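Summary of the model geometry
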Amino acid sequence: MARQQPSPWVHTAFLFCLLSLSGAIEIPMDLSQPPTITKQSVKDHIVDPRDNILIECEAKGNPAPSFHWTRNSRFFNIAKDPRVSMRRRSGTLVIDFRSGGRPEEYEGEYQCFARNKFGTALSNRIRLQVSKSPLWPKENLDPVVVQEGAPLTLQCNPPPGLPSPVIFWMSSSMEPITQDKRVSQGHNGDLYFSNVMLQDMQTDYSCNARFHFTHTIQQKNPFNLKVLTNHPYNDSSLRNHPDMYSARGVAERTPSFMYPQGTASSQMVLRGMDLLLECIASGVPTPDIAWYKKGGDLPSDKAKFENFNKALRITNVSEEDSGEYFCLASNKMGSIRHTISVRVKAAPYWLDEPKNLILAPGEDGRLVCRANGNPKPTVQWMVNGEPLQSAPPNPNREVAGDTIIFRDTQISSRAVYQCNTSNEHGYLLANAFVSVLDVPPRMLSPRNQLIRVILYNRTRLDCPFFGSPIPTLRWFKNGQGSNLDGGNYHVYENGSLEIKMIRKEDQGIYTCVATNILGKAENQVRLEVKDPTRIYRMPEDQVAKRGTTVQLECRVKHDPSLKLTVSWLKDDEPLYIGNRMKKEEDSLTIFGVAERDQGSYTCVASTELDQDLAKAYLTVLGRPERPRDLELTDLAERSVRLTWIPGDDNNSPITDYVVQFEEDQFQPGVWHDHSKFPGSVNSAILQLSPYVNYQFRVIAINEVGSSHPSLPSERYRTSGAPPESNPSDVKGEGTRKNNMEITWTPMNATSAFGPNLRYIVKWRRRETRETWNNVTVWGSRYVVAQTPVYVPYEIRVQAENDFGKGPEPGTVIGYSGEDLPSAPRRFRVRQPNLETINLEWDHPEHPNGILTGYTLKYVAFNGTKVGKQIVENFSPNQTKFTMQRADPVSRYRFSLSARTQVGSGEAVTEESPAPPNEAYTNNQADIATQGWFIGLMCAVALLVLILLIVCFIKRSRGGKYPVREKKDVPLGPEDPKEEDGSFDYSDEDNKPLQGSQTSLDGTIKQQESDDSLVDYGEGGEGQFNEDGSFIGQYTVKKDKEETEGNESSEATSPVNAIYSLA
């Protein structure tokens, strides 16, 4: 945060400065006066031949002056040349070529004369020249043959142009020639090679000249270089590298000067111009140039170095810059010095320029013309354009060297005098008139002006006036009689009143009074004092990361009677308020800060009278700029030193540098990280691999991010060697059951170490001790065919290039291809209780590869109903599994197979055992709830009811109907005991029939049995009572047998009665 000092005009009032403080007097234009030149062309006037020629000359006077011209000191008759005209009310010449003509015909020295009845004023002598851009002469240039390491100068010799053309070197394809301390262009336009290297043949060299007025570029035929060398190939192409010369067999040499030649020279420069000293030296290694001044230091405020220190420029030369300068060219072989003696000359310059002289009749006065130069200039006086000695004598005028004295002047003394001072380097011409007037005082500014000023500032009140004799001027405030002069007031010679520090009490009406012997004149100025504009809350310096939001405050106090305007500057230029910025009354907000937003921001609070400034600096933390000027030194077989110049860190210190490399054999165009270094270094030794054509670049890193990569260095190739390692990640795996694919990670450019990299692949069956099979491969895989299934092999892969083989490789075990495994062994299914089932198995006898796991598929079933299949996958080490039953009734069918990466092998299938007997009773309750079973029971109940009715009828007819007449007649071996002629069933009858199976829906599935219920029912369907006891046909069959055994009985069986009813 800083409050800036306002510009000089900021806190001043309206200043009516018709008169300067130096006291120069202007005659009002309504009064008679001699001519005065007000505008003219420069002394050396160069024009474009394609345009009309304009030579300016304007003047004022009363009466208005007339004009005429001389050309080459002779009268130039404008009326005789139709192409030449003069502007109205002006002496400006216009030469028109629209109707033809050659501009070169009008070259020469022109001078303008402005004349009225009181005298003649002269312009400078204007030298008119037409711009020229001649064509380059046609020439055939032979190739330039030069030994590597020798110096070379390619001369440009551009055609002479006016003004001199700008010279630059390019290739014939318009690519700029890269210049450095070894190759550079001299001030004369020639291209200098301190020593030639082989890479200089990679382009041609053409000198180009750009002409200012025609805006054309002319190109010289290109030079082609042929460099003779002991090493026709270029390993590194590195420039300016000391060790590179010896590596290429180039002899090292002490420096010698190519320009200027010899050990001493001299140079002359004119005062006020720029001094340019130049030293270009040859040598191997390329010399460094340093500059010194004998007996003193170089002027630090004016001296700067150019062209890689080969040139020293001193601006705005003065006499104290004369002396001896020397340049020192040095390399490790020695040094050499060249001394340049500088002489400073000077064209004439003013010490006291003559000014217009206004006198009253009878007054005395003088004109002074003093100038200096080297050599000392001569002074020549003229009057009205004629030499003074040729003018009529004037007894009131006396010439004393550089001064003309006038005594008791009269009206006849009016004239325009010219002072011409010159030496061999130039001239100065000044006009000064002598005017004799009798004029009472007059005021030249408007009357009763209002002037507003700011409190505590310095203010000047002007009161322009004229009179002859020159009037005296006095100031008064609020009509008081005392003259204002001294203390806080100061009156200048031209009558201006300065108030050194305005206070509130200085407000009021000020009167200026001009008096001479002919009368007096006065004017009034009303002064108002206003409060200053002040920024009381200024913007503060801020540091922001890119993308964030920044707010700069600016709060202002000002005089309420003045209109306030707040604006912003960035880097002292008006700020463009774009979409990312928001300007409010007391702040400026920047959204999404970017690097381009960094800089100084100035709040400008201004009114009509004053302004206040407050500046703050916004620092944007951004990614660093890319490093530049990469250079390789200390070249060795396995290392090199890389040096770079750091880029701008963009306000966030560089923490790291990442060095990357690229090679053009294995992966051209792909960059790899080589190494990382701290941000405090800019030079590092890089370890290199054999037979790599390296190219390096550097990336800078700070807290914000990474820079763009630097431009790449030039290439450096290391020599070859046998590989020092073998490929990694060697594997042997089958892709089919009868092969084995051997693969490895190929070696990259930094491990190849030589050309024609290949691999020797060896393999044999493990533990057979058979001879090694081998083959040479250029890729990264080899397939061994016709192998047994999943057999171990010993594998070796060795790298080899044209320089030799790598070290003996290690042995890797690989396997041929896998196949489907055999079925798991001893698959066992156990059911310890109604809730769980345990499965166990053994690994397959023939895994045929690496087991990847087991797949178990199982499904629940009950009778004809089958549930959804479930699949379980197990790890290769798992041989047990316990499953939870979904219900205690259903059985399960299991299918188990082993897996390899080829797939699942043969499966083994087992079923869970039948559920225990007690499950049957529970199943009856489930059956009793079924609809079909309820219907069946109702039918059985109906039949029993009918049977009881029949029995009741029989009893009512003839008494009790016996089931069997004799108790001792057995029913059969399976009959239970009977009592009282009735048929009973034991509890065992409620048990499930052996061989039955409960289905998923609660029914009982009949198994094949010799003792089936069907047999008991003679093929008919059996029936059950409500508690599950079997009745119906079972009883019928037994009674039938009993009846058949007693055929004499005529009694009808109740069962037969039932059948008869049916």
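The rules we used
- Residues numbered from 1 in each chain as written.
- Predicted model: local features only at pLDDT ≥ 70, side-chain atom pairs only at ≥ 80, totals over all residues.
- Heavy atoms only, no water.
- Helix = DSSP H or I, 4+ residues; strand = E, 2+ residues; numbered from the N terminus.
- Buried < 20%, exposed > 50% of the residue type's maximum accessible area, 1.4 Å probe, protein only.
- Contact = heavy atoms within 4.5 Å.
- Areas by Shrake-Rupley, 256 points an atom, 1.4 Å probe, with all protein chains shown as cover.
- Core = buried A, V, L, I, M, F, W, Y, C linked by side-chain atoms within 4.5 Å.
- Disulfide = S-S within 2.5 Å.
- pLDDT = per-residue confidence, 0-100.
- Phe/Tyr/Trp six-rings, centres within 6.5 Å; stacked < 30°, edge-to-face > 60°.
- Lys NZ or Arg CZ within 6 Å of the ring centre and 35° of its normal.
- Pairing = 2+ DSSP bridges.
- Axes fitted to C-alpha atoms, helices over the stretch in contact; angles between N-to-C directions.
- Salt bridge = Lys/Arg side-chain N within 4 Å of Asp/Glu carboxyl O.
- Polar contact = N/O pair within 3.5 Å; in protein donor to acceptor, adjacent residues only side chain to side chain.

1. Digging into the overall build of the chain
Summing up its helical and strand segments, the chain has seven helices and 86 strands in all. Among the 1062 residues that make up the chain, the fraction classed as buried is 44%. Restricting to contacts in the chain with at least 6 residues of sequence separation, those with at least 24 account for 65%. When the accessible surface of the chain is summed, it comes to about 56000 Å², and 49% of that surface belongs to carbon and sulfur atoms.

2. Here we look at the nonpolar core
The nonpolar side chains of soluble globular proteins are, as a tendency, buried together. Counting residues in each nonpolar core, the largest one holds 30 residues, and the members touching the most others are Ile53, Ile55, Trp69, Leu93, Tyr106 and Tyr110. Counting residues per element, the ones that place at least two in this core are strand 4 (53-55), strand 5 (57-62), strand 6 (66-71), strand 9 (93-95), strand 10 (108-116) and strand 12 (126-130). Counting 22 residues, the second largest nonpolar core, distinct from the first, contains Val453, Leu473, Leu497 and Val525.

3. What about the state of the cysteines?
All chains considered together, the criterion is met by six disulfides. Through a disulfide, Cys57 is tied to Cys112; the S-S separation comes to 2.0 Å. Taking the sign of the torsion about the S-S bond as the criterion, the disulfide between Cys57 and Cys112, at about -75°, is left-handed. In this pair, Cys57 is assigned in strand 5 and Cys112 in strand 10, connecting sequence segments 55 residues apart. As far as the burial class goes, Cys57 and Cys112 line up, both buried.

4. Describing the confidence of the model for the chain
Overall, the predicted model of the chain reaches an average pLDDT of 85, with 85% of residues at or above 70. Confidence drops under a pLDDT of 50 for residues 6-23, and excluding neighbours within four residues, the segment shows 45 contacts in the predicted structure. Every residue in residues 918-925 scores below 50 in pLDDT, and together they form eight contacts with partners more than four places removed in sequence or on other chains.

5. Structural notes on the packing of aromatic side chains
Per the counting criterion, the structure on display carries 19 aromatic pairs. Seen in terms of ring centroids, Phe827 and Trp841 are 6.5 Å apart; in terms of plane orientation they differ by 70°. Their pairing is edge-to-face. Of this pair, Phe827 sits in strand 73 (residues 825-830) while Trp841 sits in strand 74 (residues 836-842); the two residues are 14 residues apart in sequence, bridging distant segments of the chain. There is no split in this pair, since Phe827 and Trp841 are both buried. The positively charged end of Arg717 is found above the aromatic ring belonging to Tyr691, 5.2 Å away from the centroid.

6. Observations concerning the sheet that holds strand 4
One open sheet holds the three strands; their spatial order is 4-9-8, and the pairing between them is antiparallel. Whereas interior strands pair on both sides, the edge strands pair on one side only; in this sheet they are strand 4 and strand 8 (84-86). Each neighbouring strand pair of the sheet contributes to a mean axis angle of 20°, computed without reference to strand direction.

7. Brief notes about unusual backbone geometry
For the bond from Val284 to Pro285, the omega torsion is 0°, close enough to zero to count as cis. Structurally, Pro285 can be placed in the loop between strand 24 (280-284) and strand 25 (288-293). At the junction of Ser468 and Pro469, the peptide bond is cis and its omega measures out at 5° in the coordinates. Mapped onto the fold, Pro469 is located in the loop between strand 42 (465-468) and strand 43 (472-477). Here Tyr456, not a glycine, exhibits a phi torsion of approximately 70°, which is positive. With respect to the element layout, Tyr456 can be found in the loop between strand 40 (449-454) and strand 41 (459-461). The phi angle at Phe753 is positive, at roughly 70°, despite the residue not being glycine. Relative to the assigned elements, Phe753 resides in the loop between helix 2 (749-752) and strand 67 (758-765).

8. Some remarks on the pairing of strand 18 (residues 206-211)
Most of strand 18 sits out of view: five of its six residues are buried. Bridge analysis of strand 15 (residues 166-170) against strand 18 gives five bridges, and the strand direction is antiparallel. When the bridges of strand 18 are listed, Trp169 appears paired with Cys207. Pairing of strand 18 with strand 19 (residues 216-219), which is carried by four bridges, proceeds in the antiparallel orientation. Within strand 19, the residue paired with Asn208 across the bridge is Gln219. Counted between consecutive antiparallel strands, the loop separating strand 18 from strand 19 contains four residues, among which His215 sits at a positive phi close to 55°.

9. Some details on the environment of Gly849
Here Gly849 shows up in the loop between strand 74 and strand 75 (853-862). Taking the C-alpha atoms as reference, Gly849 lies 8.6 Å from Val791; in sequence the two are 58 residues apart.

10. Here's the deal with the pairing of strand 80 (residues 904-911)
Here strand 79 (residues 891-899) runs beside strand 80; their pairing, made up of six bridges, is antiparallel. Along strand 80, the bridge assignment pairs Arg899 with Ser904. Between strand 79 and strand 80, which pair antiparallel in sequence order, lie four residues; one of them, Gly903, sits at a positive phi of approximately 155°.

11. Focus on the sheet that holds strand 14 (residues 152-154)
Spatially, 14-17-16 is the arrangement adopted by the three strands of the open sheet, whose pairing is antiparallel. Of all the strands in the sheet, just strand 14 and strand 16 (183-185) have a single pairing partner and so form its edges. Along the sheet, successive strands turn relative to each other by an average axial angle of 20°, direction set aside.

12. A look at the side chain of Ser90
You can see Ser90 is positioned in the loop between strand 8 and strand 9. Those residues within four positions of Ser90 in sequence are excluded, and the remaining contacts are Cys57, Glu58 and Phe67.

13. Observations regarding the pattern of salt bridges
Going through the model one piece at a time under the given rule, you end up with 50 salt bridges. Where Glu139 meets Lys220, a salt bridge forms, and the shortest distance between an N and an O atom there is 3.6 Å. A residue pair is termed long-range when its members are at least 10 positions apart, and Glu139 in the loop between strand 12 and strand 13 (144-147) and Lys220 in the loop between strand 19 and strand 20 (225-228) qualify at 81 residues. Lys220 sits in the buried class, given a relative accessible area of 6%. The shortest N-O distance in the salt bridge between Lys731 and Asp729 comes to 4.0 Å.

14. Quick word on the side chain of Arg758
Note that Arg758 resides in strand 67. Among the polar contacts listed, one links the side chain of Arg758 to the backbone oxygen of Asn756, at a separation of 2.7 Å. Side-chain polar atoms of Arg758 contact the backbone oxygen of Asn801, separated by 3.5 Å.

15. Looking at the environment of Gln480
In this structure, Gln480 sits in the loop between strand 43 and strand 44 (489-491). Separated by 31 residues in sequence, Gln480 and Thr511 have C-alpha atoms that sit 9.4 Å apart.

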